[in-house]
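Listed below, chain by chain, are the residues.
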Amino acid sequence: MDKITSNKIRILSFYSIFMVVVCHAYNLTNLEIEHSKSFSYYIQYLFGLELSQIFIPMFFFISGYLFFNNHDFTRKTFKRKIKNRFKTLMIPYLLWCGIWFLIIYSIQYIPMFSHFFDEPLHEMSIWQQLWRAFVDPINYTFWFIRELIFYVLVSPLIYLAIKYLRFYFLIFLLALLFLQQPSLIKMNNVLLFQFLGVFSFSLGAYFSIEKIKIVTSYKWYVYLLLMLTWSIFIFLSFYTREVFDNTYWVSILVKRIAIFLGFFAVWALYDFLDKKNNFKNYPIYSYRFFIYAAHGVAITYLTKIYVKMIGEHELILLLMFFISPIVISLICIAFANLLQKSTPKIYGYLTGSR
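Position labels on residues start from 1 in each chain and follow its written sequence. With pLDDT at 70 or above as the cut-off, local features in this predicted model cover only qualifying residues; side-chain atom pairs require 80 or more to be listed or tallied, and sums for whole chains, interfaces and linings still use all residues. Hydrogen atoms and water are omitted, and side-chain values are computed over all heavy atoms in the structure.

### Comments concerning the overall build of the protein
- When helices and strands are tallied, the protein shows 16 helices and two strands.
- Computed over its C-alpha atoms, the radius of gyration of the protein comes to 21 Å, within 12% of the 20 Å expected for a compact globule of 354 residues.
- Taken along its principal axes, the extent of the C-alpha atoms in the protein is 60 × 45 × 40 Å.
- Across the 354 residues that make up the protein, the buried fraction comes to 48%.
- Contacts between residues were defined by any pair of non-hydrogen atoms, one from each residue, lying within 4.5 Å. Excluding contacts between residues fewer than 6 apart, the proportion of contacts in the protein whose partners are at least 24 apart in sequence is 78%.
- Here the protein has roughly 18800 Å² of accessible surface; of this, 68% comes from carbon and sulfur atoms.
- Here the protein holds 32 positive side-chain charges and 17 negative ones, and the gap between their average locations is 17 Å. A helix here means a DSSP run of H or I that spans at least four residues, while a strand means a run of E at least two residues long, and both kinds are numbered starting from the N terminus. For a compact globule the rule gives 2.2 Å times the number of residues to the power 0.38, and the radius of gyration it is set against comes from C-alpha atoms. Think of it in three bands: residues with accessible area under 20% of the maximum for their type are buried, residues over 50% are exposed, and the middle band is partly exposed, with areas taken using a 1.4 Å probe on protein chains only. Only the protein chains shown count as cover for residues, with accessible areas throughout obtained via the Shrake-Rupley method and a probe of 1.4 Å. Charged residues are defined here as Lys and Arg on the positive side and Asp and Glu on the negative side; His and the ends of the chain fall outside this count. The atom standing in for a charge is NZ when the residue is Lys, CZ when it is Arg, CG when it is Asp and CD when it is Glu.

In structure tokens, the structure reads:
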């Protein structure tokens, strides 16, 4: 992989993960501000949900592209790649899900914090505890890793489908995105083999297998047109959400188009800006996985605590919405740096040696 492509993936991944942190900083749930839909609600919804949702297909696309990069498609290479992903995905998944489960389990015994939790873990059966730890994890951001593990396991089938069905396989997966059911399997409200993820991972695989360049080079007006079109569909997404039910076909259609327009617009806009500014690959970007793994539960309960203290103060909540992702990300980076220097082996296990 050339340096320009490598830098693009690394830099976009970092800022995409930060936008995921922003998404989880949404602090108006069940408040009157949310029901009245004031200006603060629309700002938080725009940054926290509409803009952030485009990075889900981006992560899966990058994962599929990287998995099939430098792949000779032999059985030996598939085994090596899958074994490597066991180290980079499965081990961090088990460690982080287990760590956060134990932390929350312990905190729930502290009286002053117990009222922040809706479900007492210590009152659950062993089976329910294992389910909440590793299947529908308290560390909820790891649903992405859970999905990715499944895609890696079926990667030989994805390769065969691309090899023999070629672009028609992607068209079939694309059609699935507009179904009301968002996944192939649903167990106890846990969605497995989500169509959005399967399509995006397979699209990345297709680009890698067919050796299609992922660095764009268009005229300036093409980038402008992309951004304008995406903006229109963001507005339509807001409108259809107010008028129709989320499961109605118009809502699903508009939402899916907005997601992929946004993904492609940001993906292309990076190349346009990179040519102007020549983005540098800073060492801080290497902590992106640690931020992703550590922020979710932390920002959720931080938000619950300060919302309880602040109450329905709209401007302060809006300010905290923008401040808390920065604070949490910086704390994650500082802790990751400390851990990396003091116990590099543990840090390597937690991050899959990223």
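### A closer look at unusual backbone geometry
- Even without being a glycine, Lys 37 presents a positive backbone phi close to 55°.
- Residue class for Lys 37 comes out partly exposed when judged on its relative accessible area of 31%.
- Even without being a glycine, Lys 211 presents a positive backbone phi close to 55°.
- Topologically, Lys 211 is positioned in the loop between helix H11 (195-209) and helix H12 (220-243).
- Accessibility expressed as a relative area gives 72% for Lys 211, which makes it exposed.

### Quick look at the packing of aromatic side chains
- Only centres within 6.5 Å qualify two rings of Phe, Tyr or Trp (six-membered ring in Trp) as a pair; their planes then separate them into stacked at under 30 degrees, edge-to-face at over 60, and tilted for everything else. Taken as a whole and assessed by the stated rule, the structure comprises 48 aromatic pairs.
- Between Phe 150 and Phe 193 the ring centres are 5.3 Å apart and the planes differ by 35°, which places this aromatic pair in the tilted class. On the criterion of sequence distance, the pair formed by Phe 150 in helix H8 (residues 143-153) and Phe 193 in strand E2 (residues 190-194) is long-range, its members being 43 residues apart.
- Aromatic pair Tyr 248 and Trp 249: ring centres 6.0 Å apart, planes at 50°, arrangement tilted.
- The exposure class assigned to Tyr 248 is partly exposed, which follows from its relative accessible area of 36%.

### Comments concerning the environment of Pro 57
- As for its position among the elements, Pro 57 is in helix H4 (residues 55-67).
- In this structure Pro 57 comes out as buried when scored by relative accessible area, which is 0%.
- For the pair Pro 57 and Trp 267, spaced 210 residues apart in the sequence, the C-alpha separation amounts to 11 Å.
- Those residues in contact with Pro 57 that sit more than four places away from it in its chain are Leu 196, Ser 200, Ile 259, Phe 260 and Phe 263.

### Things to note about the pattern of salt bridges
- By salt bridge we mean one thing: a side-chain nitrogen of Lys or Arg within 4 Å of a carboxyl oxygen of Asp or Glu. By the definition in use, this model includes four salt bridges.
- Asp 271 serves as the salt-bridge partner of Lys 8, at 2.7 Å between the closest nitrogen and oxygen. Residue Lys 8 is located in helix H1 (residues 3-23), and its partner Asp 271 is located in helix H13 (residues 249-277); the two are separated by 263 residues in the primary sequence.
- Residue classification places Asp 271 among the buried positions, given a relative accessible area of 2%.
- With its nearest N and O atoms 3.8 Å apart, the salt bridge here joins Asp 136 to Arg 132.
- Judged by relative accessible area, which is 29%, Asp 136 ranks as partly exposed.
- Of the residues examined, Arg 132 reaches a relative accessible area of 15% and is grouped as buried.

### Observations regarding the pairing of strand E1 (residues 183-187)
- One bridge is not enough; two strands pair if DSSP finds at least two bridges between them. Judged from the four bridges that link them, E1 and E2 form a sheet pairing that is antiparallel. Each residue of the ladder has a partner; that of Ser 183, found in E2, is Gln 194.
- Connecting E1 to the antiparallel partner E2 that follows it, the hairpin turn spans two residues, and Asn 188 within it adopts a positive phi of roughly 50°.

### A few points about the nonpolar core
- Residues belong to one nonpolar core when they are buried, are Ala, Val, Leu, Ile, Met, Phe, Trp, Tyr or Cys, and are joined through side-chain atoms within 4.5 Å. Core analysis: the largest hydrophobic core is formed by 110 residues, its most contacted members being Trp 96, Phe 142 and Ile 145.
- For Trp 96, the contacting residues outside a window of four places in its chain are Asn 139, Phe 142, Phe 289, Phe 290, Ala 293, Ala 294 and Leu 350.

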